[in-house]
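# Structural overview
The primary structure of each chain is shown beneath.
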Amino acid sequence: QVPLVESGGGLVQAGGSLRLSCVVSTRTFSNFALGWFRQAPGKEREFVAGINWSGGRTYYADSVKGRFTISRDNPKNTVYLQMNSLTPEDTAVYYCAAGAAVDDYDFWGQGTQVTVSS
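Residues numbered from 1 in each chain as written. Predicted model: local features only at pLDDT ≥ 70, side-chain atom pairs only at ≥ 80, totals over all residues. Heavy atoms only, no water.

Turning our eyes to something else, we now look at the overall build of the protein. Within the protein, the regular secondary structure consists of zero helices and 11 strands. Counting from the amino terminus, the protein carries its helices and strands in the arrangement β-β-β-β-β-β-β-β-β-β-β. In summary, the protein has a C-alpha radius of gyration of 13 Å against a globular reference of 13 Å for 118 residues, a match within 12%. Oriented by its inertia axes, the alpha-carbon framework of the protein measures out at about 40 × 25 × 25 Å. (Helix = DSSP H or I, 4+ residues; strand = E, 2+ residues; numbered from the N terminus. Rg over C-alpha atoms; globule rule 2.2 N^0.38 Å.)

Structure follows, in structure tokens:
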């Protein structure tokens, strides 16, 4: 078991920004690839962004490229998602995840709500 706890969600107006944080409770944090997913009402969970163990490689869904940035701070056991130029279509519950690789996530956080108003 690897607990993950997200924070930073909330209500923001279109065009605004939020930064999500996720603290991963493991002594081997730096060994994990990390990612962010989201699930909007009535839709399936979708991949948003991923980052490898070193932070040297990042991946983004086309819908967020140029607007969202994923980063990690290994000494703090934390992964971040900086979200800029938010639109109502970004409204969703956002989940952080950890796993052996960017495409292999085994552990999930509880989710944090992001609501973007028009």
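Spatial ordering of the open sheet is given by E1-E3-E8-E7, a layout of four strands whose pairing is antiparallel. Edge strands, defined here as strands with exactly one partner in the open sheet, are strand E1 (4-7) and strand E7 (68-73). Neighbour-to-neighbour, the strand axes of the sheet open up by a mean angle of 15°, direction not taken into account. Of the pairings in the sheet, the one linking E1 to strand E3 (residues 18-24) comprises four bridges and is antiparallel in character. What sits directly across from Val5, in E3, is Val23. (Pairing = 2+ DSSP bridges. Axes fitted to C-alpha atoms, helices over the stretch in contact; angles between N-to-C directions.)

According to the stated counting rule, one finds one disulfide in the structure shown. The partner cysteine of Cys22 in its disulfide is Cys96, sulfur to sulfur 1.9 Å. Its torsion about the S-S bond being 50°, the disulfide of Cys22 and Cys96 is classed as right-handed. Of this pair, Cys22 sits in strand E3 while Cys96 sits in strand E9 (residues 92-101), and the two are 74 residues apart along the sequence. For the residue pair Cys22 and Cys96, the accessibility class agrees, reading buried in each case. (Disulfide = S-S within 2.5 Å. Buried < 20%, exposed > 50% of the residue type's maximum accessible area, 1.4 Å probe, protein only.)

A few words now on the pairing of strand E8 (residues 78-83). Burial within E8 is extensive, with five of its six residues counted as buried. As paired strands, E3 and E8 are joined by six bridges and run antiparallel to one another. The partner of Ser21 across the bridge, within E8, is Tyr80. Relative to E8, E7 runs antiparallel, the two sharing six bridges. Looking across to E8, one finds that Arg72 is bridged to Val79. Between the antiparallel neighbours E7 and E8 lie four residues, among them Asn77 with a positive phi of about 55°.

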